[in-house]
Structure formats: C-alpha cells, structure tokens
Amino acid sequence: MRCDVTETWGGLLSNQAKAGRLVSFGAVKEARGEHRLVSPTYRTVLSDSYRSPSGMSSAMDGPATKASKADEAEGNRVAASPPEDDGLPERETWIGKLDFILALVGFSVGLGNVWRFPYLCYKNGGGAFLIPYFIFLLGAGIPTFFLEIALGQFMSLGGLKAWNLCPLFAGIGMASMVIVSFLNMYYVMVMGWALHYFFASFTSELPWATCGNWWNTDRCIASDEEIKRDDNSTMNSTLLNVTMTTVAPNATNENATRIAASLEYWNNRVLQISGGLDEPGSMQWELILCLLLAWVIVYFCIFKGVKSTGRVVYFTALFPYVVLFILLIRGVTLQGAEIGLEFYLKPNITRLGDPQVWMDAGTQVFFSYSIGLGSLIALGSYNKFNNNCHRDAVVFACVNSGTSILSGIVIFSFLGNMALQQGVSVADVAESGPGLVFIVYPKAVTLMPLSPLWAILFFFMVLLLGLDSEFCGVEGFVTSCQDMYPHILRRGHNREIFIAVVCFVKFLIGLAFCTQGGMYVFQLFDNYSASGMTLLWVTFFQAICIGWFYGLGDRVGWNFGSTKFYWDIKSMIGFRPVLWIKICWMVVTPIMTMGIFIFSLVKYQRPTYNNTYQYPPWGEAIGWLMALASMLMIPAGFVYKILTTKGTFSERIHTLLTPIYTKRKGDNGDVGEDANAIAMVDGPKTDHNML
C-alpha cells in the first residue's frame, strides 16, 4: 500500500460526518501476509466509503470495519483534530542507541540502590529477602516499568498527556506530575549535602575524623582506639547511631553520652540541627550555596533537551559504576569484609513469615524502579516508534537489580571491616538512608589509608547518582508541561527559559531544607510526598487502566484493555510480549499494589526523626496534605472529565473510554497522519486468538 491512498486532512474535515476507521498500514500488510513493520509516519485515516485497490478491501471489510458508534466517534474525533503544523520544530528523539537505556539507568539507579536495598536485605533475612524481592519484581515491578516506557513510546507524549490513551484516567498523569514535583524539590538536597562533603574531602585530614573543632562537644570520640579504651562493650550502640541521645544498656554516665566525630560533624556542622520542626532556626549559607550549585548543574544537563541529556548520561550513568567497582575491589580485600558479607547475604528463612518483610520488598521495587512518577513515560516518549522497548526493559531490569545487590556487597564489606576494628557486631554499625551515606561511610573511610581519596571518590559517586536521578525527573516534569503547551515551549528559547524558571522556583522552595530545622522538613517530604503509599496508589490505577479500560470506547470484540495494548506494542516492536506481562497488568499487579497499600495503612505509625523526635500533629497533617495532593488527583480527574464532557452519562463514559491518539510529523517533514492510532483491524477478532 502506497501513500497515494492517503486522504488529505481537508478531505477528512469535509467528510467528518462519515463513519471513520483508523487503519494501520502495518496491519493491512499483515492481513496480506506481509509482516514487515512500516514506519508509523505512513499511517492514515480512511472513511468507510473508501475501498483500497488490489484486493485490499478484504482487510477492511467485515466485522472488523463495520461502523459502530465507537468507530464513528473515533473517526470524528481524529478528523476534527487536524495536525498542528504551524512552524513548530519536530519533537526530539534520542540520538544514540544507548541514550535511552543510559537515561533509564541514570534516573532509576540511584541512592535507593546504595543506601536502602543493602540495609533492607540485611534487616529482612539476608539472602532470603531476595525471594519476596524477585516475586514483587516479576509480578509488579518489571510489568509496570515496561508499561510506562511502552506507553510513552507509543503515544510520543510525556507523563501527563500520554493518558489521552484513556481520557477517563487523565488524573493519573496529574498525580504523577505532583509526585515528581515534590520529589524534585527535596531530592536535590541530597546532592547539596554530597557537594558539601565532596568539597570538605579535599584536605589532608578529614574534618569528621577529629574532635576539637568548633562543632564538636566534650562528648566527641575521635577514633576507634579511644572507643576501645573507654569501653569495650557498652558504648558501641551509641557510636554511629543516628540518634544523638541513645544510651547503651549498663553504660556509665560518662560513656552513655559519648558521640562519634562523624555524627557530630553531620548534626552540628552540616545540618546544625535544631530541636524540632517548630524551630526552623537560621539559614545555613554553605548549604544554600551547595543547593544553588546543584540546581545550576541540573539546569545545564537538560536545558538543551534530550540531545544534550543523552550525552550527559554517558558520564553520569556510567562513571558511578567505575567508582563502585573500585570500591568493590578495595572493600572485599579489607580485613573483616567476610564478616559484613555474611551479615548481608546469610539467609534467614524464618523472616519470610513476617508481613513487614514482604511490604519492604514491594516498596523497594517501586522505589528503585522509579515507577509512578511519569518520568519513565517522558523518557520513553523520545524513542523512535519502532524502538525495541521490550529489550530495553529486560536490560534495565538486570542492571537495576544487579546494581542493588552489588552495592550491598560494597557497603557491607566496608561495614565488616569497620565492625572488626571497633570490636562490635555489624548490626551495631549497619544503617539505612542518609545515616549510611553521611555518617557510617564517612566514619569507615577514616579507618582506611588515603582516607581523603576514598572520601572524594565516594561522594563524587553519590553526587552523580543523585544528579541523573534529579535531572531526569525534572526532564519528565518539563516534558509534560511542554506537551501541554507546545506552541509556547517549543518555540525559540522558551524551553530554556521555562526550565530556568522551574529550577529557580524549586530552589527557592528548597531553601526550607537549608535551615537548622531543614532535616525535619526533608524527612516530612520523604515520608509523605513521594512515599511508597502514593506510588502504589498511582501504579494500581495505571495497571487497571491499561489492563481493563483502555479502548473500551472503540473496542471490536475482545480487542480492548491489555489485549489492545499488546497489539499496539506489536505494531512498534514486531512481536507481542510474553503472556505473563498481560496477566500482571490485569490481575497480579493490581492485587500486589493494593495489598501493600492497604497493609501500609494498617501498619501506619506517626512519623518520627531518628526514633526520638515525634512530629507534632500539625506537621503530620502537612505530610498527609502532600500525600493527598497527588492521590486525590485521580478521583478528581474522574469527576472533572465526566462533568465537562458533553452528552448523556453513557455517552460521556463512551467518549472518555475512546483513545485520543498522537499525530506526528513524517520523515520528509510533512504532517503525517495519526501515527499512533492502531487499526481496528489490528489484533485478534476471535476468542481463540485473544491472548
């Protein structure tokens, strides 16, 4: 079939009252036994009155092409929406073959792999934790990850407008935008702290290795030799605990208040932490400058679009692995490394009977795979239509989970050495979150030769891990805004100006984290705004939408929901994914996500900082408002769409379940037809083929 059968948009507009059909040239070729995929640019909109020559009518006649109300509505919607070709530059795509995969690795492989997974693995039964981890990974993590990047590639739109695929669920896009906006605001602060430590490491003696500085108290302990001399057994629980006032059992009053130098540096020098959320205190100007520098770096990584981003990730995504392998070689050769690795990987099968272990495994999968943020959809939208996103998903899954396990080996080899030198158990020095990165590891570095060098390498790795996660998140937000207002943001230098405004506004909001009470604000954001609860909520509705509701408005037989999306994917990559992915979208993922969501509500506890400071009720209320700001977007979207759509209630639902597809420009620069509209003749028409 050639392009001479394509109707002009003028013809479509004049015939928009006719019943329309969306036909894929790839589908028509398949009907003739030709399975080679053609470029999506050559798709067209045909009316029912058209019959192609050369026997092609058989592909469009019969049950698959009978005009129905759904078909008529779809034809009218496409015909009434001519492509916008008023001088806008063509939407960008990734240049190199590895750009997309490296962007995924940079965005999703971050600090959660380094500071959260190893601790959860040790805490929840060592190697036994990998059992629930991989169950959730195969049942929810990988299927949802693949769904998001395939959706972005198919629609060629960011995380907001991509849900035009099923307009009734447009609130999913809004919820994701709110979550990623919150995440961008506070996650960059980790980069600010990393920059502070990075610059402080350029010295002959690390400042957190000694006492006697202006930030130290008379309770400071400078070295493990002093620790052993003061007390061989009772002091150890206080040395590296994030809590400043932890008292060891049976400890003397003198020893009970002793605090490690690395802990005092973090609390009294970097944070200069106040007594609580209601004591903001003064601004920390060093942190403000570090935060500003972090935002400047983020801006210059993305201001030119994905063509520059695709080049930046070659360094920001790959170099952390160089550092990680250097630390791995150094770590496993340290004395006592085997002690730490035994704590990390030794299976304790009895822990699998604890529901909390399964909840930790599920939330870790969603955290580490960055699901529900909309940024994966945005990154996928810059793929060419025929990119093999299925292969990319498999490669990424191996890299992501492999990095988590590798990071644990690195971290616990150092902790084993640290525990051996201090004469304590690994359990006494194991920590998670900022406590691991900014307290435990800096202390471990001081026990090694050439400690400034190892500190520089480590904090540079932390900086890069945070950087690409941050700028890819900002890119996802900007992409969604750009797709909403293409006539504004895709002209001239408007995109660069808009990104600068976004970065500056979020920098101003981030000043709250630079106060003496900033850590309490940071913890509140981390616990609520982009928490596991909000991500699980969004993921549940994503799976329900694609699994059951997509295409119900224009369905033919069983060609709707996950079946329809399977054939959409086939139009891109040439084959359908394994049946398990479809089962997950329809059943397994919704059950897993909603199960963990309900369990997290049942097990909910009021937020605390370091297990000692309990947030006031008004602070907790602010946290819930941040969580509800995203979660309520989905039901609010349902109500808004139904109220603002014309027609009877059934007509409104029918319209809102009818996809609105994306129009792309052709390879020759001319405006092409509806590039992503899969033909009604695509996919199975009989029950025995529906899988």
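Scroll up to find the structure this text is about.
As a starting point, this report considers the structure included with it. Here the structure is a predicted model, which is why all the values come from computation and not from measurement.

1. Considering the overall build of the protein
In terms of regular secondary structure, the protein is built from 30 helices and 6 strands. Buried positions account for 62% of the 691 residues belonging to the protein. Counted over contacts in the protein with a minimum sequence separation of 6, partners at least 24 positions apart contribute 81%. Surface summary for the protein: the accessible area is close to 25,900 Å², and the carbon and sulfur share equals 64%.

2. Points about the packing of aromatic side chains
Overall, the coordinates contain 61 aromatic pairs when judged by the stated rule. Aromatic pair Phe145 and Phe396: ring centres 4.4 Å apart, planes at 10 degrees, arrangement stacked. Placement of the pair is Phe145 in helix H7 (residues 130–155) and Phe396 in helix H19 (residues 389–422), with a sequence separation of 251 residues. In this structure Phe145 comes out as buried when scored by relative accessible area, which is 0%. When its relative accessible area of 0% is taken as the criterion, Phe396 is described as buried. Geometrically, the ring pair formed by Tyr197 and Tyr265 is edge-to-face, given 5.4 Å between the ring centres and 70 degrees between the ring planes. One end of the pair, Tyr197, is in helix H8 (residues 171–200); the other, Tyr265, is in helix H12 (residues 261–271), with 68 residues separating them in the sequence. Take Tyr197: its relative accessible area is 1%, and that puts it in the buried class. Judged by its relative accessible area of 2%, Tyr265 falls in the buried class. Sitting above the plane of the Tyr382 ring, Arg91 keeps its charged end 4.6 Å from the centroid. Over the ring of Phe477 we find Lys506; its NZ or CZ atom is 4.3 Å from the centre of that ring.

3. Some details on the nonpolar core
By size, the foremost hydrophobic cluster in this structure holds 201 residues, and its most contacted members are Trp193 and Trp266. Ranked by the residues each element gives to this core, the list is headed by H8, at 21 residues. When residues no more than four places from it in sequence are discounted, the contact partners of Trp266 are Trp193, Tyr197, Leu271, Pro434, Phe438, Ile439, Met519 and Tyr609.

4. Details of helix H21 (residues 451–484)
Here H21 contains 34 residues, and its C-alpha end-to-end distance of 50 Å stays within 8% of the 50 Å for a straight helix at 1.5 Å per residue. Burial analysis of H21 places 31 of its 34 residues in the buried class, which makes it a mostly covered element.

5. Considerations on the pattern of salt bridges
Here the structure, examined in full by the defined rule, presents 9 salt bridges. A salt bridge links Asp392 to Arg391, with the nearest nitrogen and oxygen atoms 3.2 Å apart. Glu620 is the partner of Arg606 in a salt bridge, and the nearest nitrogen-oxygen pair spans 3.0 Å. Placement of the pair is Arg606 in the loop between helix H27 (579–602) and strand E5 (608–609) and Glu620 in helix H28 (residues 617–631), with a sequence separation of 14 residues. Under the relative-accessibility criterion, Arg606 is labelled partly exposed at 37%.

6. Looking at unusual backbone geometry
In this structure, Ser156 is a non-glycine residue whose phi angle is positive, near 55 degrees. Among the structural elements, Ser156 can be located in the loop between H7 and H8. Owing to a relative accessible area of 9%, Ser156 belongs among the buried residues under this scheme. We note that Ser370 has phi near 55 degrees; this positive angle belongs to a residue other than glycine.

7. Topic: the side chain of Ser108
Turning to its location among the elements, Ser108 is positioned in helix H5 (residues 99–108). Looking at Ser108, the relative accessible area reads 4%, which means it is buried. Among all residues touching Ser108, those that are not within four sequence positions of it are Asn113, Ser368, Tyr369, Ser370, Leu376, Phe396 and Asn400.

8. Considerations on the packing of H8 against helix H13 (residues 285–302)
H13 packs onto H8 with a crossing angle of 115 degrees between their chain directions and a minimal axis gap of 8 Å. Our classification of the angle between H8 and H13 gives roughly perpendicular. When the axes of H8 and H13 are compared, the crossing they make is right-handed. The segment H8 lies against H13, with Asn184, Val188, Met189, Met191, Gly192, Trp193, Leu195, His196 and Phe199 engaging Glu286, Leu287, Cys290, Leu291, Leu293, Ala294, Trp295 and Val298. For the contact of H8 with H13, a count of residues per class yields 13 nonpolar, 3 polar and 1 charged.

9. Here we look at the environment of Trp580
You can see Trp580 is positioned in helix H27. Using a relative accessible area of 41% as the deciding quantity, one classes Trp580 as partly exposed. The spacing of Trp580 and Gly139 is 441 residues in sequence and 8.6 Å in space, taken between C-alpha atoms. Among the polar contacts made by the side chain of Trp580, one reaches the main-chain carbonyl oxygen of Leu138 at a distance of 3.0 Å.

10. With respect to the packing of helix H6 (residues 111–123) against H19
Any two packed helices are characterised by how steeply their axes cross, that is the angle between the axes, and by the distance between the axes. Contact geometry of H6 with H19 gives a least axis separation of 8 Å together with a crossing angle of 75 degrees. Judged by the inter-axis angle, H6 sits roughly perpendicular to H19. Packed against H6, whose contacting residues are Asn113, Val114, Phe117, Pro118, Tyr119 and Tyr122, the element H19 presents Asn400, Ser404, Ile405, Ser407, Gly408, Ile411 and Phe412 at the interface. Here the residues of the contact of H6 with H19 sort into 8 nonpolar, 5 polar and no charged.

11. Remarks on a nonpolar patch on the surface
Taken together, Leu138, Trp548, Val578, Leu579, Trp580, Ile583, Val587 and Ile591 make up a surface patch of nonpolar side chains, about 730 Å² in accessible area. In terms of residue count, H27 provides more of the nonpolar patch than any other element does, 5 residues in total. Here Ile591 is to be found in helix H27. Judged by its relative accessible area of 59%, Ile591 falls in the exposed class.

12. Let's talk about the environment of His487
Mapped onto the elements of the fold, His487 is located in helix H22 (residues 486–489). Accessibility expressed as a relative area gives 30% for His487, which makes it partly exposed. Remark: the alpha-carbon pair of His487 and Pro89, spanning 398 residues in sequence, is separated by 9.8 Å.

13. Quick word on helix H17 (residues 355–368)
For H17, built from 14 residues, the straight-helix expectation of 20 Å at 1.5 Å per residue is met to within 8% by its first-to-last C-alpha distance of 20 Å. Taken residue by residue, H17 has Val357, Met359, Asp360, Ala361, Gly362, Thr363, Gln364, Val365, Phe366 and Ser368 as its buried positions. Against the buried residues of H17 lie H5, H6, H7, H19, helix H25 (532–549) and H27. The distance from a side-chain oxygen at the start of H17 to the backbone nitrogen of Gln356 is 3.0 Å, and the residue carrying that oxygen is Asp354. Note on H17: the residue one or two positions beyond its end, Ser370, has a positive phi of about 55 degrees.

Procedures and definitions
- Residues numbered from 1 in each chain as written.
- Predicted model: local features only at pLDDT ≥ 70, side-chain atom pairs only at ≥ 80, totals over all residues.
- Heavy atoms only, no water.
- Helix = DSSP H or I, 4+ residues; strand = E, 2+ residues; numbered from the N terminus.
- Buried < 20%, exposed > 50% of the residue type's maximum accessible area, 1.4 Å probe, protein only.
- Contact = heavy atoms within 4.5 Å.
- Areas by Shrake-Rupley, 256 points an atom, 1.4 Å probe, with all protein chains shown as cover.
- Phe/Tyr/Trp six-rings, centres within 6.5 Å; stacked < 30°, edge-to-face > 60°.
- Lys NZ or Arg CZ within 6 Å of the ring centre and 35° of its normal.
- Core = buried A, V, L, I, M, F, W, Y, C linked by side-chain atoms within 4.5 Å.
- Expected span 1.5 Å × (residues − 1).
- Salt bridge = Lys/Arg side-chain N within 4 Å of Asp/Glu carboxyl O.
- Axes fitted to C-alpha atoms, helices over the stretch in contact; angles between N-to-C directions.
- Parallel < 35°, antiparallel > 145°, perpendicular 65-115°, else oblique.
- Left-handed = near helix turned anticlockwise from the far one by under 90°.
- Nonpolar A, V, L, I, M, F, W, Y, C, P; charged D, E, K, R; others polar.
- Polar contact = N/O pair within 3.5 Å; in protein donor to acceptor, adjacent residues only side chain to side chain.
- Patch = residues over 30% accessible without salt bridge, like charges linked within 9 Å, V, L, I, M, F, W, Y side chains within 5 Å.

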